Amino acid sequence: MSAFIQENDFAQIHKIRLQGIKEGKVLTGPQTVHIDLANGCNTNCTTCWDHSPLLTLSRTIEWKRKQFDFNDFSSLASDLHSMKSVEAVILSGMGDPFVNPAIYKIIKVCKNYGWHVTVLTNALLANPEKILSLKVDMMLISVNGVSPKSYTAFHPNLRSTDFDKLCSLLETFAWAGKRFKHVQVINRDTAPELVEMVYFANKYNAKSITYKLASLAKGTELCAITEEQRSLLLKELIPQAQEEAKNLKVETNLDVFQQQLKAGGLLTAPIEEIGCFMGWYYSRITVEGKILFCCSTEVEVGNLSKGKFSEQWFDNQWQEARENLMQGKYYSSCSQCGKLNQNVKIGKKVKEKFGEELYFLRTGRKS
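Residues numbered from 1 in each chain as written. Predicted model: local features only at pLDDT ≥ 70, side-chain atom pairs only at ≥ 80, totals over all residues. Heavy atoms only, no water.

Quick look at the overall build of the chain
Here's step 1: Within the chain one finds 16 helices and ten strands.
Here's step 2: In summary, the chain has a C-alpha radius of gyration of 20 Å against a globular reference of 21 Å for 367 residues, a match within 12%.
Here's step 3: With 367 residues in all, the chain has 53% of them scored as buried.
Here's step 4: When contacts within the chain are restricted to residue pairs at least 6 apart in sequence, long-range pairs at least 24 apart make up 73% of them.
Here's step 5: Roughly 16,800 Å² of accessible area belongs to the chain as shown, and the carbon and sulfur atoms make up 50% of that amount.
Here's step 6: Treating the 45 positive side-chain charges of the chain as one cloud and the 39 negative ones as another, the clouds have centres 3 Å apart. (Helix = DSSP H or I, 4+ residues; strand = E, 2+ residues; numbered from the N terminus. Rg over C-alpha atoms; globule rule 2.2 N^0.38 Å. Buried < 20%, exposed > 50% of the residue type's maximum accessible area, 1.4 Å probe, protein only. Contact = heavy atoms within 4.5 Å. Areas by Shrake-Rupley, 256 points an atom, 1.4 Å probe, with all protein chains shown as cover. Lys, Arg positive; Asp, Glu negative; His and termini not counted. Charge placed at Lys NZ, Arg CZ, Asp CG, Glu CD.)

Section: empty space enclosed by the protein
The method is simple in principle: a probe with the dimensions of a water molecule rolls over the atoms, and the space it marks as empty is what remains.
Here's step 1: One pass over the structure, following the stated rule, counts one cavity of 30 Å³ or more.
Here's step 2: In this structure, the largest cavity spans a volume of roughly 60 Å³.
Here's step 3: The leading source of residues in the lining of the largest cavity is helix α7 (residues 160-175), at three residues.
Here's step 4: Taken together, the residues that form the lining of the largest cavity break down as seven nonpolar, two polar and one charged. (1 Å grid on protein atoms, 1.4 Å probe; cavity = no way out; pocket = protein on both sides within 12 Å on 5 of 7 lines; lining within 4 Å. Points joined across faces, edges and corners; volume = space filled by probe spheres on them. Nonpolar A, V, L, I, M, F, W, Y, C, P; charged D, E, K, R; others polar.)

Some thoughts on the layout of surface pockets
Here's step 1: By volume, the second largest pocket is sized at about 210 Å³.
Here's step 2: If you go around the second largest pocket, you meet 16 residues; those closest to its centre are F68, D72, L76, L304 and S305.
Here's step 3: Residue classes in the lining of the second largest pocket are distributed as five nonpolar, six polar and five charged.

Some remarks on the pattern of salt bridges
Here's step 1: Enumeration over the complete set of coordinates arrives at five salt bridges.
Here's step 2: D189 serves as the salt-bridge partner of R188, at 4.0 Å between the closest nitrogen and oxygen.
Here's step 3: Under the relative-accessibility criterion, R188 is labelled partly exposed at 38%.
Here's step 4: Judged by relative accessible area, which is 23%, D189 ranks as partly exposed.
Here's step 5: In this structure, R230 engages E227 in a salt bridge whose closest nitrogen and oxygen atoms are separated by 3.2 Å. Note that R230 and E227 are positioned in helix α9 (residues 227-248) at a spacing of three residues, about one turn of the helix. (Salt bridge = Lys/Arg side-chain N within 4 Å of Asp/Glu carboxyl O.)

Focus on the environment of G29
Here's step 1: Locating G29 in the fold gives a position in the loop between α1 (7-23) and β1 (32-38).
Here's step 2: Owing to a relative accessible area of 2%, G29 belongs among the buried residues under this scheme.
Here's step 3: Each C-alpha atom, one on G29 and one on S82, is 9.9 Å from the other, the two residues being 53 residues apart in sequence.
Here's step 4: Aside from chain neighbours lying at most four places away, what touches G29 is R17, M83, S85, W280, W313 and F314.

Looking at the sheet that holds β1
Here's step 1: Spatially, ten strands are ordered β7-β6-β5-β4-β3-β2-β1-β8-β9-β10 in an open sheet, and the strand pairing comes out mixed. What marks the edges here is a single partner per strand, and that holds for β7 (251-252) and β10 (300-303).
Here's step 2: Two elements, strand β4 (residues 138-142) and strand β5 (residues 181-186), share three bridges in a ladder whose sense is parallel. Among the inter-strand pairings, S142 is bridged to a residue of β5, identified as V183.
Here's step 3: Against the sheet, helix α3 (residues 70-82) engages β1, β2 (88-93) and β8 (282-285), with an angle of about 180° to β1.
Here's step 4: Lying on the sheet, helix α14 (residues 316-326) is in contact with β8, β9 (290-292) and β10; it crosses β10 at an angle near 165°. (Pairing = 2+ DSSP bridges. Axes fitted to C-alpha atoms, helices over the stretch in contact; angles between N-to-C directions.)

Side note on the environment of V26
Here's step 1: By secondary structure assignment, the location of V26 is in the loop between α1 and β1.
Here's step 2: A sequence separation of 289 residues divides V26 from D315, and the C-alpha atoms of the two residues are 10.0 Å apart.
Here's step 3: Residue contacts for V26: discarding those within four places in its chain leaves G279, W280, W313, F314, Q319 and R322.

Considering unusual backbone geometry
Here's step 1: Here K135, not a glycine, exhibits a phi torsion of approximately 60°, which is positive.
Here's step 2: Relative to the helices and strands, K135 is located in the loop between α5 (128-133) and β4.
Here's step 3: Here the phi dihedral of K249 falls at roughly 60°; this positive angle occurs in a residue that is not glycine.
Here's step 4: Mapped onto the fold, K249 is located in the loop between α9 and β7.
Here's step 5: For K249, a relative accessible area of 72% puts it in the exposed group.

Concerning the packing of aromatic side chains
Here's step 1: With the rule as written, the count across this model stands at 13 aromatic pairs.
Here's step 2: Ring pairs connect the aromatic residues Y151, F163, F200 and Y204, which therefore count as one cluster.
Here's step 3: Taking NZ or CZ as reference, R59 lies 4.0 Å from the ring centre of W63, over its face.
Here's step 4: Directly above the ring of Y359 sits K351, whose terminal nitrogen or CZ lies 4.6 Å from the centroid. (Phe/Tyr/Trp six-rings, centres within 6.5 Å; stacked < 30°, edge-to-face > 60°. Lys NZ or Arg CZ within 6 Å of the ring centre and 35° of its normal.)

Some thoughts on the nonpolar core
Here's step 1: With 101 residues, the main nonpolar core has I35, F73, M139, L194, F293 and F309 as its most contacted residues.
Here's step 2: Core analysis: the second largest hydrophobic core is formed by nine residues, C45, C48, A214 and L216 among them. (Core = buried A, V, L, I, M, F, W, Y, C linked by side-chain atoms within 4.5 Å.)

Observations regarding helix α10 (residues 254-263)
Here's step 1: Buried within α10 we find L254, V256, F257, Q260 and L261. Buried positions in α10, seen along its axis, are confined to an arc of 155° and lie on one side of it.
Here's step 2: Close packing links the buried residues of α10 with β5, α8 (194-203), β6 (208-213), α9, β7 and α15 (340-354).
Here's step 3: With its phi angle positive at about 85°, G264 sits one or two positions after the end of α10. (Arc of directions from axis to C-beta.)

Bear in mind that shape data such as this cannot, by itself, settle questions of function.
In structure tokens form, the structure reads like this:
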């Protein structure tokens, strides 16, 4: 069997996946699987639920030392390939994936299967020569601040020299023609730089900027934007950033970010209006082998210790979670949805193909 699946095969799978949404059940496997490689991290972002110094209850040392074993990853990759639906793999972690020394071997396995490989990382531990030689398709680089002051406020264990190192890495990738994406998590320290983030992305030839309102809990609420900042973002900074992005031809998700801000308080996603389609497209697997419905750790739908991913994807536990969401029975973490951009895009496809009535039905609404 060839490691690569033809593009026209995937086009047919896309149609089958959308048909599954229409029927309310899965008819094929996921498009994207997100795999955590390490719990440990070299930074301590103030917004992080696992490593922030603001946490009321810290993670244990034992938990932070856990990493995804290379042999276990190889077995999982073989199983995912057998589903003939997977197009992309996201490598990340509750920490940073480059903490795992096997990451370059893992990337090679993924590329050998022909998957689009995305790495979510702060990039500081990355070896740019290896990244380029392995032809990593995309890196979502957590920048979070575009000045030494904001960068070190967001990452209290880092120094201005670390910001300089990040800029040097971004310059290396830009010179090599790699247009990676910037992620900018917005909290009280980074909010004032919304417009400057566009200039920063343009300087390093970024593919796009993903703005994300920080999802806060467990003590990290202390670094939330103020209501004054929320008002300034909505009235002035977002329009300015949109105008500059248009002029410089920098792609952003500022329209979605605006929706996050309008949700109010600590909410980051008007999920009842958007709906969730992750159960047809995506899954996340933790270092411990827990299979998650989405990027949230709240909705666990399986475990690799119980059998193959390919079998559990179609079982009752997963389908029950899909049906809950189709009925508008959202989980508490849905109000801070981490897959908001993707749900918006898929929802648009569903409306275009099947109409608003079916879209409302699949998001638990009558109208």
